Amino acid sequence: MALLLAASVLQRLVGFIRATLFCRWLDASQLGLWDMAFGFLMTATPLMVLALPGCLGRYVEYYRQRGMLGLFLRRTAIVSGLLALCGATAVAMGAGPVAELVFGNRSYRPLVHDLAFALLTVAAFNYLYELAMALRLNRWISLIQLLNSVLFAGLGLGLLILWRNDAQTVIIAYALACAITAAIAFFGFKPWRYAAREERPASLRESFWPRILQYSLWVWAAGAISNLFAVVDRYMVLHWLPPDHGDPLALLGDYHASRLVPMLFVSLAGLCAAMSTPHLSHLWETGQSRHAAEQLNLLTKLLSLGLLVGSTGVLLAGPVLFDTLLAGKYPAGLDIFPITLAYCSCFSLFLLLQNYVLCCEKAYFAGLALACGLFVNVGLNLAWLPVWGLPGAVWATLAANGVALLVLLMINRRLGQPTDAGLLLALVAPLGIALGTGWTLLITAVVLFLALRTNLFIKNAEKQELGVLIRQLLSRKALPAGLASSATCDSSLTSSTPTMELSTQRETKDLPRIPAMPPANFLVTPKESPADETDEAIPPGCGWPNPFFRSREHPPLGHRDPLRVMFIITCMPVGGAERLLLDIVRRMDRRIFAPELCCLKYLGPLGEVLAREIPAFAGLLKHKYDFRVLPRLYRLLRERRIDAVITVGTGGDKMFWGRLAAYLAGVPVVASALHSTGLPDRVEFLNRLLTPLTDAFIAVSPLHARYIIEHEGCAANRTWTIPNGIDTERFSPRPADPRLRASLGLQPEHRVVALVAALRPEKNHELLLQAAPIILAELPQTRFLIVGDGPRRAELHRLARRFGVDHAVIFTGNRDDIPDVLACADLAVLCSHMEANPLALLEALACEKPVVATAVGSVPLHVRDGVTGFLVAPGDARALAAKCLALLLDPELARRMGRAGRQHVLRHGSLERTVAGYQRLITTIYARKCGGAIPESHYFTPATQSTHSSPVPFPAVDDLISPGVETASHG
């Protein structure tokens, strides 16, 4: 590791010396030509090959595991080579226009021919470098970088001395350096060893290029934004600078010289960011996401302090640097030197701060921040270049970097990164470098004072951790968990916890944080019920005024036909949220509402059931990036004359396209029903942009409402709480069916614990499997019913065998007779990492089954500890086992809790209550916008279900679906 670090530092030192000598030996115009040529190579090469080399790191391991690595490498290499050849040929054939674009004059056509050759060699070098990265050949990675830097320095300086002293010489030297390095790398680590002849699988022929191109185009777009952000100011100077401000190429040479030292800062910051990424990722993946964010904050503050100190020294030495090292050839460069230092410092902080979105696996947000900066850069250059010349362009670039950094900070905060005054100061202070040497000295002194003498810039806890780090480095001890000291690591990760418990705790810690939960003895009395308080409250807000709204198309309530309500969802598979939607649609008062269904992709089993009863539409979204869904959905809403749109589900296509199309179509009521608490669904950035257009956000419990307001960007004055409800007639107590017990493999003497949940990671079934051996040791006749299906089925079977309880665990799969299955159980459990308002819990309580559940989300609102069941801490298998045994050994206690549970559901969890909430929301918002009196029957009219004429009677869907099996979509 030390050798690789030394090679990286040596490479940067060689590059700095080489760049200094180029500045000294070339005149300003030739230096400007080289600067534009190098920027063109860095921008055009990845665009030309569609960023295919960028896919290697993502897919090398994927195809290696499938025995297809050779085929993958051959195909990508051949296609990349052909694309590079076509691109270089096109550049050579269009030498005149390219010369005008890159150098501002068609007379530089010979340079373009050299660039065409350089494009080929740079493409080959990039492919082999990315391949070495993908294959994790760390020594070759450092060697390739160092070799290329040394060869470029040697060839460039040698040719400048022995041949011609111009930009064409430097371009040729760089092309040769890349070609030689690529050849050495090719014959060095021998990539053909990984491309041995393999049989071509049929499946790969069908899916290879769509998979690769989809990823590469995202990389291509992100790279294009990043590269354009880096060079747009120079292109603006070249093409937008008025003639009276001087020769653009000469000024670009001054600009290049002014960035000589600042770009060294950027390079070192990039090295720091790259070195910290694995350590921060390690903390993140081990469940210490909060600690990773705190480490990143500390690193950002230290980097900012280092940039301030370094900039102060460089500014003091600036006259010596420009007059002696650069022979006094770049006076304009010296004038803009403080500004370039400032914006390079901002970009250095950006490189480090983007590690947070990388850890969140949302790297595209960094591209979004750069896109914002790019937009600002172009706009300000258009305004300032004609007035101020080159300084105006540099000030515009400083503003662009500041905007990009600000946007990235806002995104990071949205994703959960904590911010304090010290971090904000660390990001703002480097902007003062642009004011000159005196101000930089003052700002640096103030920040140093705050860092050393106060708790404002670097907090005491951070200073203590930094002291631990320094002592460990001095004593040459390895730093555990990356940058984390052992004193700050979570104790659960250093204890002698069994492997399964350890992984469970790590998963739990890494989940998005739900607001603080009630204590274990939390008891909601009828007078205190948050459901009562929130359910009756009507939020006062609405979305932004809609210029597309046509009042004549939406008469006031009481003077019109039933309101047409369109529910928009991706599809309707078997799941809790989908079954709830089906029940809501069926129970809506047909005298006031005419519900319709739109599934963006396909109907699904429950969608097909609803299609027999109400108008239903599907197939509007052909694939993930099908932007034509917007006009299709717009036309549908206009043709159906929809009065209210409710998107169902958290985030995703349905929430984004549904709300945008509804707003454009002038729909009076636009609402979103959210059913999860961050796992696995989140309200993404683009969906949050539509918050002002949304009239209502629907939460499923008071705590869930607080969560989506604090963590998902929902407006507090537009967030409605409509608790989930179930059909209490269907889910009711009944005696166990002996034949059903026998079919499930249950004997009369067996005691039964049931868990009804989809087999997905967030449901945490392994907690019950961990508790099972403890329960069986006390009651060997216990059996565990796991009802549901999902992607973890095989894994959970393996875990049951591993814990030695496979003989007592019965995986039933999806069932259409959940009430009868619950009748066979003595109690129900829910082990989830997090929940919003789980229907499976309500169903068990309605069947008079006591529930033992983890105290997450809104579970404590229904499982009243010691009254309707027991609450346990998430991940505590022993507590879960103890509470289950308490109920299994005391049948009278179980019956008493079961009866209390049903009474609770009848009051707080009935389907009637849920339907009334939806009807009240729709009519209230519609009346606010269109006028009219809200009918009393909107609260709920039980008999109105049958008033809607349907082509066929309501089918019994119990044989098609499993109402008790939850999916992640409803939390």
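Conventions adopted
- Residues numbered from 1 in each chain as written.
- Predicted model: local features only at pLDDT ≥ 70, side-chain atom pairs only at ≥ 80, totals over all residues.
- Heavy atoms only, no water.
- UniProt positions renumbered as here; feature names shortened; annotations may be inferred.
- Helix = DSSP H or I, 4+ residues; strand = E, 2+ residues; numbered from the N terminus.
- Buried < 20%, exposed > 50% of the residue type's maximum accessible area, 1.4 Å probe, protein only.
- Contact = heavy atoms within 4.5 Å.
- Areas by Shrake-Rupley, 256 points an atom, 1.4 Å probe, with all protein chains shown as cover.
- Arc of directions from axis to C-beta.
- pLDDT = per-residue confidence, 0-100.
- Core = buried A, V, L, I, M, F, W, Y, C linked by side-chain atoms within 4.5 Å.
- Domains from an automatic or database assignment.
- Salt bridge = Lys/Arg side-chain N within 4 Å of Asp/Glu carboxyl O.
- Pairing = 2+ DSSP bridges.
- Axes fitted to C-alpha atoms, helices over the stretch in contact; angles between N-to-C directions.

As stated in UniProt under Subcellular location (unreviewed entry), the record for the chain gives "Cell membrane".

Asks: What is the right way to read the overall build of the chain from this model?
Replies: Scanning the chain for helices and strands turns up 38 helices and 13 strands. A burial count over the chain gives 56% of its 971 residues as buried. Put simply, 79% of the contacts in the chain that link residues at least 6 apart link residues at least 24 apart. Carbon together with sulfur atoms contributes 61% to the accessible area of the chain, which is approximately 39,200 Å² in total.

Asks: Any chance you could explain the side chain of T647 here in plain terms?
Replies: In this structure, T647 sits in strand 4 (residues 644-648). Look at T647 and you get buried, because its relative accessible area is 0%. Residue contacts for T647: discarding those within four places in its chain leaves I568, K654, M655, G658, R659, A671, S672 and A673.

Asks: Mind showing me how you'd approach helix 5 (residues 95-103) here?
Replies: Every buried residue of helix 5 is listed here: A95, G96, V98, A99, V102 and F103. In a view along the axis of helix 5, the buried residues occupy a sector of 165°, so they form one face of it.

Asks: Please clarify how the environment of T43 should be interpreted in this entry.
Replies: Along the chain, T43 turns up in helix 2 (residues 28-48). Separated by 188 residues in sequence, T43 and V231 have C-alpha atoms that sit 8.4 Å apart. Setting aside chain neighbours within four positions, we find T43 in contact with N227, L228 and V231.

Asks: It is not clear to me how the confidence of the model for the chain should be interpreted in this structure. Could you clarify?
Replies: Low-pLDDT stretches of the model should not have their predicted coordinates read in fine detail. Taken as a whole, the chain shows an average pLDDT of 83; of its residues, 86% reach a score of 70 or greater. Contacts of residues 197-206 to residues separated by more than four positions or lying in other chains number 17 contacts, the stretch itself having pLDDT below 50. For residues 937-971, every residue scores under 50 in pLDDT, and the model assigns this stretch 126 contacts once sequence neighbours within four places are set aside.

Asks: Honestly, the nonpolar core in this entry has me stumped. Any pointers?
Replies: Across soluble globular proteins, nonpolar side chains show a tendency to be buried alongside one another. In this structure, W34, F40, F72 and F103 are the most contacted members of the largest nonpolar core, which totals 151 residues. Ranked by residues supplied to this core, first place goes to helix 6 (residues 109-134) with 15 residues. Shared between two domains, this core holds at least three residues of each, these being domain 1 (1-195) and domain 2 (257-464). V585, L822, V915 and I922 belong to the second-largest nonpolar core, a separate cluster that totals 73 residues.

Asks: Looking at this structure, I do not really get the pattern of salt bridges. What am I missing?
Replies: Opposite charge on two side chains makes pairing possible when the charged atoms of those side chains draw close. In total, this model carries 33 salt bridges according to the counting rule given. With its nearest N and O atoms 3.5 Å apart, the salt bridge here joins D420 to K459. Within this pair, whereas D420 is found in the loop between helix 18 (390-415) and helix 19 (421-428), its partner K459 is found in the loop between helix 20 (437-453) and helix 21 (460-474), the two being separated by 39 residues in sequence. Of the residues examined, D420 reaches a relative accessible area of 18% and is grouped as buried. By relative accessible area, which is 38% here, K459 ends up partly exposed. Two residues, R586 and E613, come together in a salt bridge whose shortest N-O distance is 2.7 Å. Here R586 is found in helix 24 (residues 576-587), whereas its partner E613 is found in the loop between helix 25 (604-611) and strand 3 (616-618), with 27 residues between them in sequence. One network of salt bridges, in which partners are shared, links D35, D233, R234 and R259.

Asks: What am I meant to see in the environment of A342 here?
Replies: As for its position among the elements, A342 is in helix 15 (residues 337-353). For the pair A342 and G402, spaced 60 residues apart in the sequence, the C-alpha separation amounts to 9.6 Å. A342 has contacts with L398, P430, L431, I433 and A434, leaving out every residue within four places of it along the chain.

Asks: Teacher, can you tell me more about the sheet that holds strand 2 (residues 593-599) here?
Replies: With parallel pairing, 7 strands are arranged side by side in an open sheet as 3-2-1-4-5-6-7. Edge positions in the sheet fall to strand 3 and strand 7 (719-721), since each of these pairs with one other strand and no more. Strand-to-strand twist in this sheet, taken as the mean axis angle between neighbours without regard to direction, amounts to 25°. Pairing between strand 1 (residues 563-569) and strand 4: 4 bridges, direction parallel. Within the sheet, the bridge partner assigned to F567 lies in strand 4 and is I646. Contacts from helix 27 (residues 652-664) reach strand 1, strand 4, strand 5 (669-673) and strand 6 (696-699), with the element oriented near 170° to strand 4.

Asks: Quick question: what am I supposed to make of the sheet that holds strand 11 (residues 827-830) here?
Replies: Two orientations exist for strands paired in a sheet by backbone hydrogen bonds: parallel and antiparallel. Taken together, 6 strands build an open sheet; the order of strands is 10-9-8-11-12-13 and the sheet is parallel. The strands lining the two open edges of the sheet, one partner per strand, are strand 10 (809-813) and strand 13 (869-872). Across the sheet, the axes of successive neighbouring strands diverge by a mean angle of 20°, strand direction being ignored. For strand 9 (residues 782-787) and strand 10, the ladder comprises 4 bridges, and the chain directions are parallel. Bridge pairing in strand 10 links V787 to G813. Taken strand by strand, helix 36 (residues 877-888) contacts strand 8 (751-756), strand 9, strand 11, strand 12 (851-854) and strand 13, and its axis lies near 170° from that of strand 13.

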